[in-house]
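In case you want the letters, here they are:
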Amino acid sequence: MSEVHKTAIIGDDCIIGNNVEIGAYSIIKDRVKIGNDTVIHPYVHISGNTDIGKENTFFQFCSIGSPPQDLKFNGEKSFLTIGDSNTFREGCTVNPGTEGGGLNTEIGSNSLFMTGAHIAHDCIVGNNTVFANQATLGGHVVVGDNAILGGLSAVHQFCRIGDLAMIGGLSAVHNDVIPYGLVSGNRAKLDGVNLIGLKRASHSAKKIKEFSKAINIIFSSNSIESKSIEFKDSTNELVIKLCTFITGESNRGLCPYAKK
């Protein structure tokens, strides 16, 4: 049985799962679906065609599913999908999609969005990510699994952030960040490899060393994409994922390698 505070407002078309807690003065409206065992603290606003999985937590002043901040948006029926076991701390904002991006914003499972994090329209966010305080995605950004975005970092529209990449605090990311890469700075540059993340993910020292060597060779070449193709037959899954990412479709190009 769900527990809904007497001051909360729940729309007639909303679907609320079992054992859901909704705090004081929260507003759930439109066609929102909320999965079992989700906790919604006081003063949370959830709207739109928003489908939320189970065991999520929303702290006060979150705004989830409000219309996209896009001047081209004209009220089209758009969607927001959120997986399971995510935590959205105070003041997080998440917008649904637009016609230019497939009308859908998607967030996976088991992620932490710290105070003031913003997920714009048409973004796709993977699983097990961490967004530190005030981390911001522009529209149409793709974030891979296990990525970490530092506090007050901002990612430009249409960028890709690879799996297990790490973005330093206060960084302005204008280009794609390779998987397992470590970037920082205004117009962020690739500083190297997320060694700590790779070790915590139980990758062997040998594979990490091979991956680091491949990055040095590829990014020191005159043609990054052509050089990456030379590694297509690698048996190292880290290198394979790197090459697949480099040769994949990109709107923004790659973060350049910082000169040592």
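So, here's what we can say about the structure. Quick caveat: nothing in here was measured; it's all calculated off a predicted structure. By convention here, each chain's residues receive numbers from 1 onward along its written sequence. In keeping with the model being predicted, local features are shown solely for residues with a pLDDT of at least 70 and side-chain atom pairs are shown and tallied solely at 80 or more, while totals for entire chains, interfaces and linings include all residues. Values reported for side chains reflect all heavy atoms of the structure, with hydrogen atoms and water molecules removed beforehand.

### Concerning a nonpolar patch on the surface
Then, in step 1: Patches in this entry comprise residues that are over 30% relatively accessible and not in a salt bridge; like charges within 9 Å are linked, as are nonpolar side chains (Val, Leu, Ile, Met, Phe, Trp, Tyr) within 5 Å. In these tables, accessible area is a Shrake-Rupley quantity obtained with a 1.4 Å probe, and a residue counts as shielded only by the protein chains included in the view. Salt bridge, as applied in this entry: a Lys or Arg side-chain nitrogen positioned within 4 Å of an Asp or Glu carboxyl oxygen. Together, Tyr 25, Tyr 43 and Phe 61 give the surface a local cluster of nonpolar side chains, amounting to about 370 Å² of exposed area.
Then, in step 2: Within the secondary structure layout, Tyr 25 lies in the loop between β4 (21-22) and β5 (27-28). Here a helix means four or more residues in a row that DSSP labels H or I, a strand means two or more in a row labelled E, and each is numbered from the N terminus.

### Comments concerning the pattern of salt bridges
Then, in step 1: Tallying each qualifying case throughout the model produces seven salt bridges.
Then, in step 2: One salt bridge in this structure joins Asp 176 and Arg 160, with 2.9 Å as the shortest N-O distance. With a gap of 16 residues between them, Asp 176 in the loop between β26 (172-173) and β27 (181-184) and Arg 160 in strand β24 (residues 160-161) connect regions that are remote in the sequence.
Then, in step 3: The salt bridge involving Lys 227 is made with Glu 230; its shortest N-O contact spans 3.4 Å.
Then, in step 4: Classification of Glu 230 as exposed rests on a relative accessible area of 57%. Exposure classes here rest on a 1.4 Å probe applied to the protein chains alone. A residue is buried below 20% of its type maximum, exposed above 50%, and partly exposed in between.

### Here's the deal with the side chain of Thr 57
Then, in step 1: Of note, Thr 57 is situated in strand β10 (residues 57-58).
Then, in step 2: Excluding residues within four positions of it along the chain, Thr 57 makes contact with Val 39, His 41, Asn 86, Thr 87 and Phe 88. Residue contacts are counted whenever heavy atoms from the two residues lie within 4.5 Å of one another.

### Here's the deal with the packing of aromatic side chains
The relative placement of two aromatic rings is captured by the distance of their centres and the angle of their planes.
Then, in step 1: Between the rings of Phe, Tyr and Trp (Trp by its six-membered ring), a pair exists once the centres lie within 6.5 Å; its type follows the angle of the planes, with under 30 degrees stacked, over 60 edge-to-face, and the other angles tilted. Summed over all chains, the structure comprises seven aromatic pairs.
Then, in step 2: Measuring from centroid to centroid gives 5.3 Å for Tyr 180 and Phe 211, while their planes differ by 85 degrees, and the two rings are edge-to-face. Of this pair, Tyr 180 sits in the loop between β26 and β27 while Phe 211 is found in helix α2 (residues 205-219), placing the two residues 31 residues apart along the sequence. In this pair, the class of Tyr 180 matches that of Phe 211, namely buried.
Then, in step 3: Among the aromatic residues, ring-to-ring pairing joins Phe 58, Phe 88, Phe 113 and Phe 131 into one connected group.
Then, in step 4: Sitting over a ring, as applied to charges here, requires NZ of Lys or CZ of Arg to be within 6 Å of the ring centre and within 35 degrees of the ring normal. Just above the ring of Phe 59 sits the side chain of Arg 89; from NZ or CZ to the centre is 4.0 Å.
Then, in step 5: Looking at Arg 160, its charged tip hangs above the ring of Phe 245, at a distance of 3.9 Å from the centre.

### Digging into the sheet that holds strand β3 (residues 15-16)
Then, in step 1: Strand pairing follows a simple DSSP-based rule, namely that at least 2 bridges must link the two strands. One open sheet holds the eight strands; their spatial order is β3-β6-β9-β12-β15-β18-β21-β24, and the pairing between them is parallel. The outermost strands of the open sheet, each flanked by one partner alone, are β3 and β24.
Then, in step 2: Where strand β18 (residues 124-125) meets strand β21 (residues 142-143), two bridges bridge the pair, whose relative direction is parallel. Across the sheet, Ile 124 pairs through a bridge with Val 142, a residue of β21.

### What about the environment of Thr 247?
Then, in step 1: Summarising the element assignment, Thr 247 is placed in the segment after α4 (237-246).
Then, in step 2: Classification of Thr 247 as partly exposed rests on a relative accessible area of 37%.
Then, in step 3: Expressed as a C-alpha distance, the spacing of Thr 247 and Ser 228, which sit 19 residues apart in the sequence, is 7.8 Å.
Then, in step 4: Here Thr 247 is in contact with Glu 225, Ser 228 and Ile 229, once residues within four sequence places are set aside.
Then, in step 5: A 3.5 Å cut-off defines polar contacts: any pair of N or O atoms within that distance qualifies, except that in protein one atom must be a possible hydrogen donor and the other a possible acceptor, and neighbouring residues in sequence count only when both atoms are side-chain atoms. Engagement of the side chain of Thr 247 in a polar contact is seen with the backbone oxygen of Thr 244, the distance being 3.4 Å.

### Remarks on unusual backbone geometry
Then, in step 1: Notably, Tyr 43 is not glycine yet its phi reads approximately 60 degrees, a positive angle.
Then, in step 2: Relative to the helices and strands, Tyr 43 resides in the loop between β7 (39-40) and β8 (45-46).
Then, in step 3: Look at Tyr 43 and you get partly exposed, because its relative accessible area is 44%.
Then, in step 4: Phi is positive for Asn 128, close to 60 degrees, though the residue is something other than glycine.
Then, in step 5: Looking at the element boundaries, Asn 128 is found in the loop between β18 and β19 (130-131).
Then, in step 6: Given the relative accessible area of 36%, Asn 128 is considered partly exposed.

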